Amino acid sequence: MKTTQLIYILFFVSFISCKKGVTDKTFKIFHLKPNRVYTDTAAVNGKFSKRRNDFFVVKNYDINNEQHKIKIDSFIVNYVKKDSFLIQNKNVSWRLTFFKYGDGIDEYTQHEYDTDYTIHDLFSYKKEIGNVYFDTKEGYRGSNYNVPPDKHTSSNRKIITDYFNTNIKLQHNIKQEQNARGSFNPYTYKQDTIKVVAKFIKRIGGSKIQIVQYKFLEPITRLIVLEGDTLNIAYSIAYEPKEFPKKSMLTLVKDSANVGLKNYYIFPGYNPEKGIEPINE
């Protein structure tokens, strides 16, 4: 009898241990709160009056599995369908960002931002799976998925494109904004664009937005007023170049964002390739 009981107990303990050892491999997406909404009541020259960012974490995501990307696309469509942000507001943008599960991020983690213009280290861009971007000026602007090794691909995903192209309310809102803008296109408007000759100093770093410093040498298009001779220029990590030439002619756009840096500019489209022309010395 005792032997039978002992066998039963050992079997039960073994069964429980096996159950605990089973790993949940189900593909899951969790919404991380809070969302981030920035309102600019004095938005001018193509700037959005309201910018929203929503954050998610994806469990058991396989970077090499295209079906997982399609599942995220489907999730995005259903998520946007249930929200009226793009329909009830004008002149707004909306980005959805997806992070990898683990390394400090799970379904209970609150998304946080630093107060110094860079995203919190916990939510580093290196942990991102990808993001999708919308606005009421053009609609669906595209999706970015990170792919190995440490690169990203940008494209319009079919599921999302089909939804936006067939949503009558969204298309009506976009058409209204385009008519209201007339010939003004905020994506090509050359406000405060300058050309200068400058010498590369160093990379400052950052997160999604990187900063690089140049020493101003001479203007090309017109005179500019600077505080000192150091230019702080921003660009997107998505367009990270292998190197910066020692001396270049730079095309720069003045940005009104208050980031606490003097002589702050951005490369056109946040892409260094569009703003750097090397000069051979």
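Look up a bit, the structure's there.
All values derive from a computational prediction rather than experimental measurement.

### Details of the overall build of the protein chain
And then number 1: Helix and strand content of the protein chain: 5 helices and 12 strands.
And then number 2: Buried positions account for 37% of the 281 residues belonging to the protein chain.
And then number 3: Pairs at least 24 apart in sequence give 64% of the contacts found in the protein chain among residues at least 6 apart.

### Observations concerning the environment of Lys274
And then number 1: Relative to the helices and strands, Lys274 is located in the loop between strand S11 (264-266) and strand S12 (276-278).
And then number 2: The exposed category is assigned to Lys274, whose relative accessible area is 57%.
And then number 3: Along the primary structure Lys274 and Leu252 are separated by 22 residues, whereas in three dimensions their C-alpha atoms are 9.2 Å apart.
And then number 4: Look past the residues within four positions of Lys274 in its chain and what remains in contact with it is Thr251 and Pro268.

### With respect to the nonpolar core
And then number 1: Counting residues in each nonpolar core, the largest one holds 25 residues, and the members touching the most others are Ile72, Ile76, Leu96, Phe98 and Phe134.
And then number 2: Of all elements in the fold, only strand S2 (50-59), helix H2 (66-81), helix H3 (85-88), strand S3 (92-100), strand S4 (128-135), strand S5 (139-147) and helix H4 (158-166) reach the threshold of two or more residues within this core.
And then number 3: With 5 residues, H2 is the single largest residue contributor to this core.
And then number 4: Non-local contacts of Ile72, meaning those with residues more than four positions away in its chain, are made with Phe27, Ile29, Val58, Tyr61, Phe98, Ile129 and Tyr145.

### Concerning the side chain of Lys69
And then number 1: In this structure, Lys69 sits in helix H2.
And then number 2: Despite its burial, Lys69 pairs with no opposite charge; the closest candidate is Glu66, at 4.4 Å N-O.
And then number 3: Leave out the neighbours within four places in its chain, and Lys69 touches Tyr61, Ile63, Tyr145 and Arg157.

### What to know about the side chain of Glu128
And then number 1: Take Glu128: it is sitting in strand S4.
And then number 2: When its relative accessible area of 7% is taken as the criterion, Glu128 is described as buried.
And then number 3: Glu128 has contacts with Thr97, Phe98, Phe99, Asn146 and Lys208, leaving out every residue within four places of it along the chain.

### Regarding the pattern of salt bridges
And then number 1: For the structure shown, the criterion picks out 12 salt bridges.
And then number 2: In this structure, the salt-bridge partner of Arg157 is Asp73, at a minimum N-O distance of 2.6 Å. Of this pair, Arg157 sits in the loop between strand S6 (151-155) and H4 while Asp73 sits in helix H2, placing them 84 residues apart in sequence.
And then number 3: Among the residues examined, Arg157 registers a relative accessible area of 13% and is labelled buried.
And then number 4: On the basis of relative accessibility, which here comes to 2%, the residue Asp73 falls in the buried class.
And then number 5: The shortest N-O distance in the salt bridge between Lys127 and Asp103 comes to 3.5 Å. Placement of Lys127 in the loop between S3 and S4 and of Asp103 in the loop between S3 and S4 is noted, with a sequence separation of 24 residues between them.
And then number 6: We classify Lys127 as buried; its relative accessible area is 14%.
And then number 7: Taken together, the salt bridges that share partners define one network made up of Arg52, Asp54 and Asp83.

### Digging into the packing of aromatic side chains
And then number 1: Throughout the structure, instances matching the rule amount to 18 aromatic pairs.
And then number 2: The rings of Phe56, Phe75, Tyr79, Phe85, Trp94, Phe98, Phe134, Tyr140, Tyr163 and Phe164 are connected pair by pair, giving a single aromatic cluster.
And then number 3: The aromatic ring of Tyr145 is capped on one face by Lys69, whose charged end is 6.0 Å from the ring centroid.
And then number 4: Residue placement shows Lys254 over the ring face of Tyr265; its charged tip is 4.8 Å from the ring centre.

### Comments concerning the packing of H2 against H4
And then number 1: Between H2 and H4, whose axes approach to 8 Å, the crossing angle comes to 25°. Between H2 and H4, the interaxial angle falls into the category roughly parallel. Considering only the axes of H2 and H4, their crossing is right-handed. Listed contacts from H4 to Ile70, Asp73, Ser74, Ile76, Val77, Val80 and Lys81 of H2 are Ile159, Ile160 and Tyr163.

### So, unusual backbone geometry
And then number 1: With an omega of 0°, the peptide bond running from Lys33 to Pro34 counts as cis.
And then number 2: Checked against the element boundaries, Pro34 lands in strand S1 (residues 28-39).
And then number 3: Phi is positive for Asn60, which is not a glycine, with a value near 65°.
And then number 4: In this fold, Asn60 is placed in the loop between S2 and H2.
And then number 5: A relative accessible area of 29% means that Asn60 is categorised as partly exposed.

Criteria and thresholds
- Numbers given to residues run from 1 along each chain, matching the order in which its sequence is written.
- Where totals are concerned, whole chains, interfaces and linings use all residues; where local detail is concerned, this predicted model gives features only for residues with pLDDT of at least 70, and gives and counts side-chain atom pairs only at 80 or more.
- To get the side-chain values, take all heavy atoms of the structure and skip hydrogens and water.
- Helix and strand labels come from DSSP, where a helix needs a run of H or I of at least four residues and a strand needs a run of E of at least two; each type is numbered from the N terminus.
- Buried residues are those whose accessible area, probed at 1.4 Å on protein chains only, stays under 20% of the maximum for their type, while exposed residues exceed 50% and partly exposed ones sit between those limits.
- In what follows, a contact means two residues having at least one pair of non-hydrogen atoms within 4.5 Å.
- Among the buried residues, those of types Ala, Val, Leu, Ile, Met, Phe, Trp, Tyr and Cys that are joined through side-chain atoms within 4.5 Å form a nonpolar core.
- Note on charges: Lys and Arg go in the positive column, Asp and Glu in the negative column, and His and the chain ends are not counted at all.
- Salt bridge criterion: a side-chain nitrogen from Lys or Arg within 4 Å of a carboxyl oxygen from Asp or Glu.
- Note on ring pairs: Phe, Tyr and Trp rings are taken, using the six-membered ring of Trp, and paired if centres are within 6.5 Å. Classes follow the plane angle, with under 30 degrees stacked, over 60 edge-to-face and the rest tilted.
- Only Lys NZ and Arg CZ are tested; either one counts as a charge over a ring when it is within 6 Å of the ring centre and within 35 degrees of the ring normal.
- Helix axes are fitted to C-alpha atoms over the stretch in contact, other axes to C-alpha atoms as well, and angles between N-to-C directions run from 0 to 180 degrees.
- Oblique is the label for every angle not falling under 35 degrees (roughly parallel), over 145 degrees (roughly antiparallel), or within 65 to 115 degrees (roughly perpendicular).
- Should the near helix be turned counterclockwise from the far one by less than a right angle, the crossing is left-handed, whereas a clockwise turn marks it as right-handed.

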